[in-house]
Amino acid sequence: MKLGFKFIYIEKLPGFKAGALNVALRNTSTDAEIIAILDSDYIVSPQFLKLTTPYFQDTQLGFLQTCPGFRKYDDNRFKKACRIAQQTFYKVIMPSRHQGKSVMFGGTVGLLRKQALEIINGWDETCIGEDAELSLRLLEANYNGHYVDIELGWGLLPENFIELKKQRRRWTIGGIHTFKRHVKNLLAWKDLKNKKGLSLRQRFHHISAYLQWFSAMWVTSFTLIIIVVITSALFFQRPIPPLMADAQIMLTLAVIVLVWRIRFLWAVQVKLAVSLREATDAILVLQALTIAQALACVKGIFSEKVTFERTNKFTNLTNNRISLFSNIIELLIGSICALLASASWFFFSDWQTATMFSITFLWLSAPYFSFFQVHHWNNDEPDPRNRA
């Protein structure tokens, strides 16, 4: 069989990545049945197609996703942490979604049925979360998704923290826009009753997954509310709302967050076979993204205008001044929390109240000060032999 490659150059192409994929789809051979999607920085196993195409004997299979692997990260603690943070989704969450028939297409190292793509009119060129949005439409069209938990392709990680923030902003805005466009279908209980579209279990998985994109906004909002309330109480003698003054309620919230962190650390250690330190590093990276994702969430909610920020994976452009300046909001919020933690001991006469709010503010400052550690790792000079 003769293999041929076609390269298409278009100077100005609308629709971001989705636009490029639709052009490729229109130029795909008419007798093709399955389409493989790979990001340009990925190197794939020679066994990639041999191990994945047999699954498409199931005529209802619309897409298949494998676990993306990564390369050129061993020399840099920042990239090691990024690798663990990114693979947490594929190693911890995707197996559960596979059992619930709610697999998401990740956009690389995966395959799609061409006929299914044509039926749903390809990728949405107005959405920068095009791959996840596509897989949701395929599931709504009664196609199935399948997840194979093996690494058959290895790509590059974002080159530095600035590029990582760009990537997460794009993913967050894309996730919010996808949720806004499909929320009516996800909540259409009449369709569920008539057994149309997604099952109850699929709806649960997708709704819970999309709500997680709002988590950074809730964390930041909660932090800002407590800052305003306690500042008013300390300096303007305003009363503290009973819910915030109740030590049992605040302790309960702290325990819930602590249990979630312990579960995360345990799951990451078990599923990715990493040490406690490496799992903790991944948490620090995710925490350092809190403000970036919170701002992206707000933008996704209130604006449909999108800009596709390309993630640089090839050239190290970071220096201390740029990296620190890009985290000025985190520095400001973290510093205010630290100051209020100290001020609580001087302004509250009741030691229990002072202790409660001091610990609360130190806890709340953690996500915003995490970027200092991430910035330090980010500036570790990598081995030149491992440069892409």
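Calculation notes
Sequence order as written defines the numbering, with residues in each chain counted from 1. Totals for whole chains, interfaces and linings use every residue, but because this is a predicted model, local features are given only for residues with pLDDT of at least 70 and side-chain atom pairs only at 80 or more, for both listing and counting. Computation of side-chain values: all heavy atoms of the structure, hydrogens and water removed. Burial status follows relative accessibility: with a 1.4 Å probe on protein chains alone, a residue under 20% of its type maximum counts as buried, one over 50% as exposed, and anything between as partly exposed. In this analysis, axes come from line fits to C-alpha atoms, helices being fitted only over the stretch in contact, and the angle between any two N-to-C directions falls in the range 0 to 180 degrees. Only DSSP runs of H or I reaching four residues or more are called helices, and only runs of E reaching two or more are called strands; each is numbered from the N terminus. Helix crossings get a hand from a simple test, with the near helix turned counterclockwise from the far one by less than a right angle marking a left-handed crossing and a clockwise turn marking a right-handed one. Residues count as neighbours in contact if any of their non-hydrogen atoms are within 4.5 Å of one another. Whether two aromatic rings pair depends on their centres lying within 6.5 Å, for rings of Phe, Tyr and Trp, where Trp uses its six-membered ring; planes under 30 degrees apart make the pair stacked, over 60 edge-to-face, and the rest tilted. Two strands form a pair only when DSSP identifies at least two bridges running between them.

Residues other than glycine seldom take positive phi values, yet Val109 does so here, at roughly 50 degrees. For Val109, a relative accessible area of 0% corresponds to the buried category.

To continue, consider the packing of helix α6 (residues 161–186) against helix α8 (residues 200–211). With their axes 10 Å apart at the nearest point, α6 and α8 run at an angle of 145 degrees to one another. For the pair α6 and α8, the sense of crossing is left-handed. Contact residues: α6 offers Gly175, Thr178, Phe179, Asn185 and Leu186, while α8 offers Arg203, His206, Ile207, Tyr210 and Leu211.

Assignment of secondary structure puts Gln167 in helix α6. In sequence terms Gln167 and Thr311 are 144 residues apart; their C-alpha atoms lie 5.8 Å from each other. Leave out the neighbours within four places in its chain, and Gln167 touches Gln86, Pro158, Thr311 and Lys313.

With that settled, the discussion passes to the packing of aromatic side chains. Here the structure, examined in full by the defined rule, presents ten aromatic pairs. Centre to centre, the rings of Trp260 and Phe264 are 5.6 Å apart; their planes meet at 25 degrees, and the pair counts as stacked. Separated by four residues within a single helix, Trp260 and Phe264 lie in helix α11 (residues 247–272), roughly one turn from each other. Taking the relative accessible area as the measure of exposure, Phe264 reaches 13% and is therefore buried. Consider the rings of Phe369 and Phe372, whose centres lie 6.0 Å apart with planes at 35 degrees: the pair is tilted. Of the two residues, Phe369 and Phe372 are both situated in helix α16 (residues 351–378); the distance of three residues between them amounts to about one turn of the helix. Overall, Phe369 belongs to the partly exposed group, its relative accessible area being 27%. Members of the aromatic cluster, joined through ring pairs, are Phe179, Tyr210, Phe214 and Trp218.

As a further point, take the sheet that holds strand β1 (residues 34–37). Reading across the sheet, the four strands line up as β1-β5-β3-β6 and stay open at both edges, with mixed pairing between neighbours. In this open sheet, the two strands that pair with only one neighbour each are β1 and β6 (144–148). Strand-to-strand twist across the sheet, computed as the mean angle between neighbouring axes with direction ignored, equals 20 degrees. Sheet topology note: the strand β3 (residues 61–66)/strand β5 (residues 110–113) ladder contains three bridges and is antiparallel. Along β5, the bridge assignment pairs Leu64 with Leu111. Across the sheet, helix α3 (residues 77–99) lies against β3 and β6, angled at about 145 degrees from β6, the strand it touches most.

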